[in-house]
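# Breakdown of the fold
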Amino acid sequence: MHSPDPQIGQDARPVIRQLDETAINRIAAGEVVERPASAVKELVENAIDAGARRIEIDYADGGKTLIRVRDDGCGMSSDDLPLALSRHATSKIDGTDLLDIRSFGFRGEALPSLGAVGRLTITSRVEGAEGASIAVSGGRQSGVKPAALNGGTVVELRDLFYATPARLKFLRTDRAEVQSITDVVKRLAMAEPLVGFTLRDVSDGGEGRVTFRVAPENGDLFSALHGRLTAVLGKDFTENALAIDAEREGLRLTGFAALPTYSRGAAVAQFFFVNGRPVRDKLLIGALRAAYFDFLSRDRYPAVCLFIDCDPHLVDVNVHPAKSEVRFRAPGVARGLVVSGLRHALAGAGHRSSSTVSQQTLGALRPEGQEARVYQMDRPGPRTVQSSYEWQAPRDPIETPGFAEMSAPSARVEPDPEPHDEALPLGAARAQLHENYILAQTATGLVIVDAHAAHERLVYEKLKAQMAQNGVASQALLIPEVVDMSAQDCAALLEIADDLATLGLGIEPFGGTAIAVRETPALLGRVDAKAMVLDILDELSDLGSSQSVQAKVEAVLSRVACHGSVRTGRRMRAEEMNALLREMEATPHSGQCNHGRPTYVELKMTDIERLFGRT
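The structure presented is a predicted model; accordingly, all values stated were derived computationally and were not measured.

What follows concerns the overall build of the chain. Helix and strand counts for the chain come out as 19 helices and 24 strands. When burial is assessed residue by residue, the chain has 45% of its 615 residues classed as buried. Taking as baseline every contact in the chain between residues at least 6 positions apart, the subset at least 24 positions apart corresponds to 69%. Entry remark: accessible area of the chain is about 32,800 Å², with carbon and sulfur atoms responsible for 52%.

Mapped onto the elements, G591 comes out in the loop between α18 (574-586) and β24 (600-604). Separated by 332 residues in the primary sequence, G591 and L259 have C-alpha atoms spaced 9.3 Å apart.

Glancing now at the packing of helix α13 (residues 451-470) against α18. One can describe the packing of α13 onto α18 by two numbers: an axis separation of 10 Å at closest approach and a directional angle of 50°. Taken together, the axes of α13 and α18 lie oblique to each other. Like other packed secondary-structure pairs, α13 and α18 cross with a definite hand, here left-handed. Residues A451, A454, H455, L458 and K462 of α13 touch α18, and the partners they reach there are L580, E583 and M584. By residue class, the composition of the contact of α13 with α18 is five nonpolar, one polar and two charged.

V44, I55, I57, L120 and F197 are the most contacted members of the largest nonpolar core, which totals 58 residues. No other element matches the eight residues that helix α6 (residues 174-191) contributes to this core. Among residues more than four places away in sequence, those in contact with F197 are V44, I48, I55, I57, V185, L188, A189, E192, F212, R213, V214 and R228.

On to empty space enclosed by the protein, then. Tallied over the full model, the rule gives one cavity of 30 Å³ or more. Roughly 40 Å³ of internal volume is contained in the largest cavity. Considering only residue class, the lining of the largest cavity consists of four nonpolar, three polar and one charged.

Relative to the 18 Å expected for 13 residues at 1.5 Å per residue, α18 spans 19 Å between its end C-alpha atoms, a close match to the ideal helical length. Of all the residues in α18, the buried ones are A574, E576, M577, N578, L580, L581, M584 and E585. Each element contacted by the buried residues of α18 is listed here: β18 (428-433), β19 (437-441), β20 (445-450), α13 and β24.

It is worth spelling out the packing of helix α2 (residues 36-49) against α6 at this point. For the pair α2 and α6, the least separation of the axes is 8 Å and the interaxial angle reads 25°. Regarding the angle of α2 to α6, the classification is roughly parallel. Judged by the twist between their axes, the crossing of α2 over α6 is right-handed. Two secondary-structure elements touch here, α2 through P36, A37, V40, K41, V44 and E45 and α6 through E177, S180, I181, V184, V185 and L188. Taken together, the residues of the contact of α2 with α6 sort by class into eight nonpolar, one polar and three charged.

Here we have three strands laid out as an open sheet, ordered β21-β23-β22, and antiparallel in their pairing. Two strands lie at the open edges of the sheet, namely β21 (474-484) and β22 (506-509), each paired on one side alone. Averaged over all pairs of adjacent strands, the angle between their axes in this sheet comes to 20°, without regard to strand direction. Note that β21 and strand β23 (residues 514-521) share seven bridges and pair antiparallel. Residue pairing in the sheet places V483 in a bridge with I515 of β23.

Glancing now at unusual backbone geometry. At D159, a position not held by glycine, the phi torsion is positive, near 50°. Structurally, D159 is set in the loop between β7 (152-158) and α5 (165-168). You can call D159 partly exposed: its relative accessible area is 29%. Positive phi values are uncommon outside glycine, yet N275 reaches one of about 50°. Relative accessible area serves as the criterion here: at 30%, N275 is assigned to the partly exposed category.

Another point: the pattern of salt bridges. The final tally for this structure, using the stated rule, is 26 salt bridges. In this structure, E576 and R570 form a salt bridge, with 2.5 Å as the shortest nitrogen-oxygen distance. Each of the salt bridges in this network shares a partner with another, and the network as a whole consists of E56, D58, R68, R70, E156, R158 and R200.

With that settled, consider α6. Relative to the 26 Å expected for 18 residues at 1.5 Å per residue, α6 spans 26 Å between its end C-alpha atoms, a close match to the ideal helical length. Counting buried residues in α6 gives 13 out of 18 residues, a clear majority hidden from the surface.

On to the confidence of the model for the chain, then. Confidence in the prediction of the chain, expressed as mean pLDDT, is 82, and 79% of residues score 70 or more. Scored below 50 in pLDDT, residues 369-378 makes eight contacts in the model with residues more than four places away or belonging to other chains. Taken as a whole, residues 397-409 scores under 50 in pLDDT and shows one contact with residues more than four places along the chain or in a different chain.

As a further point, take the sheet that holds strand β11 (residues 251-258). Strand order across the open sheet formed by five strands is β10-β11-β14-β12-β13, with mixed pairing between neighbours. The strands lining the two open edges of the sheet, one partner per strand, are β10 (241-248) and β13 (277-279). For this sheet, the mean inter-axis angle between neighbouring strands, taken without regard to orientation, is 20°. In this structure, β10 lies alongside β11, joined through eight bridges in antiparallel fashion. What sits directly across from A243, in β11, is F256. Where α6 meets the sheet, it contacts β12 (270-274), β13 and β14 (304-309), and its direction lies at approximately 55° from that of β12. Sheet strands touched by helix α7 (residues 221-233): β10, β11, β12 and β14. Its angle to β11, the strand with the most contacts, is close to 40°.

Okay, the packing of aromatic side chains next. Geometry of an aromatic ring pair is reported as the spacing of the ring centres plus the angle between the planes. Using the criterion set out here, one finds three aromatic pairs in the structure. Aromatic pair F222 and F256: ring centres 5.9 Å apart, planes at 85°, arrangement edge-to-face. One end of the pair, F222, is in helix α7; the other, F256, is in strand β11, with 34 residues separating them in the sequence. Measuring from centroid to centroid gives 4.5 Å for F273 and F307, while their planes differ by 10°, and the two rings are stacked. Here F307 lies in strand β14 and F273 lies in strand β12, a separation of 34 residues in the sequence.

Secondary-structure assignment places S137 in strand β4 (residues 132-137). Looking at S137, its side chain comes within polar contact range of the side chain of R119, at 3.4 Å. Once you skip the residues sitting within four places of it in the chain, S137 turns out to touch G115, G118, R119 and Y162.

Within a regular strand, the side chains alternate between the two sheet faces. Counting buried positions along strand β8 (residues 196-201) yields six of six residues, so the element is predominantly enclosed. Residues G196, T198 and R200 point to one face of β8 and F197, L199 and D201 to the other, with burial holding for every one of them. The pairing of strand β1 (residues 54-60) with β8 spans six bridges and is parallel. Bridging from a neighbouring strand, R54 pairs with G196 of β8.

Definitions and cut-offs
Residues numbered from 1 in each chain as written. Predicted model: local features only at pLDDT ≥ 70, side-chain atom pairs only at ≥ 80, totals over all residues. Heavy atoms only, no water. Helix = DSSP H or I, 4+ residues; strand = E, 2+ residues; numbered from the N terminus. Buried < 20%, exposed > 50% of the residue type's maximum accessible area, 1.4 Å probe, protein only. Contact = heavy atoms within 4.5 Å. Areas by Shrake-Rupley, 256 points an atom, 1.4 Å probe, with all protein chains shown as cover. Axes fitted to C-alpha atoms, helices over the stretch in contact; angles between N-to-C directions. Parallel < 35°, antiparallel > 145°, perpendicular 65-115°, else oblique. Left-handed = near helix turned anticlockwise from the far one by under 90°. Nonpolar A, V, L, I, M, F, W, Y, C, P; charged D, E, K, R; others polar. Core = buried A, V, L, I, M, F, W, Y, C linked by side-chain atoms within 4.5 Å. 1 Å grid on protein atoms, 1.4 Å probe; cavity = no way out; pocket = protein on both sides within 12 Å on 5 of 7 lines; lining within 4 Å. Points joined across faces, edges and corners; volume = space filled by probe spheres on them. Expected span 1.5 Å × (residues − 1). Pairing = 2+ DSSP bridges. Salt bridge = Lys/Arg side-chain N within 4 Å of Asp/Glu carboxyl O. pLDDT = per-residue confidence, 0-100. Phe/Tyr/Trp six-rings, centres within 6.5 Å; stacked < 30°, edge-to-face > 60°. Polar contact = N/O pair within 3.5 Å; in protein donor to acceptor, adjacent residues only side chain to side chain.

So, in structure tokens, the structure goes:
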């Protein structure tokens, strides 16, 4: 508990004082510059705002002793340099409309804040003029001096927080700070695919070691973004991501979202940008969870890179000191756009599954500790294969001993399918293994299907469609359960009362700050209504939305689908297996089961031949 100041007595009172400029800048630096990565973010954003097409970032000792940002932007004149170090001096807004912000920076706080806590030197040159340099150390500014520079701007920050030693104690290890700097640069690189970035560690002096580099991309929006995401997030992400392009009431959503089967164990691959600005926004994270919650278990997280672009007046970016959060004028529209845009794209993917599943399968099949031998063999053509089959075909099955004389394995081979079936995406069933796995032959390889998981997803999708058409039946409580809560929670819950009613949960105000639960979803049987309401409130507080009731209802549908699907151990006829394959091709989301696991694995002929050393 805070104790009163012993120096303040009955005869003394606090005196209001005007802080000096140095103290003001150091306070501002505490809000804007939390760590070296924050300084890198501010300086790189300034370079992007200056129209730079190539940006180089050097750092030493995790950014604690040196941060240098060099760009080829428009530069600053010798007259502008002193102004750049003044608080609230900026070229990006004129102050008449604080909502019409079309740049990264706009407050004019970054450079003076950095100069107040470190040793800052700015060297710049505009086209047609001589270069100039200015320095500031711990808030003490030097005069402008001539300097040699081809063009653009070089900002060098040394000894960050030397003027505020207490802040140094809160910095993490050099390795952790480097990781944070790299994360900041990668996010900005994703936001600006037309700009090239180079990140270099110069801790050991000299030219240093390049730790991250991407060249400027060319082409239209999606091709440039696709190339940049491949360079930053890896080829696996872009190969298994769906292009997103949706629009609603002045907001446009673009980017890429990965398939549910390409999920992560933590929320490390979720990137959001609003008008090009990287943000971490609770509303958008909640919308992302709502879009994927039907396809992933709670311990898996989707991978996305999404951009929302709109008129600057529809979003307020000035609600956080580091500008990492935004506030939409119509948050419901933004949330609905993300949910509907992602679900539409996922539905359009049909039965598609992540290619990484096949790669993991191949990795499990390869023997460990030895290289596969390569045999030089020519791949036989179709005619050669057909003639080989005819030559090897037995003349009289009775006189030909073979596998039938052996003990019967847990597999059945089906007659040759129709030729056109192999041209279909999931091919034609050729065998059933261990009374569960369907082996299908395609035109380019083979597919192994988990029949139980696949049929479970098909039944689940049918049950969901029926529920959407007929609604969720509710059961009236004999005695309504009254739940007391705060006025704020009560108002938030009543705002979504209509949405809860469609899911079978009926609530209404009960005087004061209490609500009465009169109906619950019949599918759930006996439920703890109070616990359910509190769970909904927790989700509303944490994410701005709640899928608690819907998740419980759909969990019941999932269990029903599990019991109503093909059970492991059942022998399926060829027509049954092929019917299952055709239904998978026609059903959205059939590439993963209800828990986000793949329902099939596809192996190409080139992959199979590589396993046997034939390539």
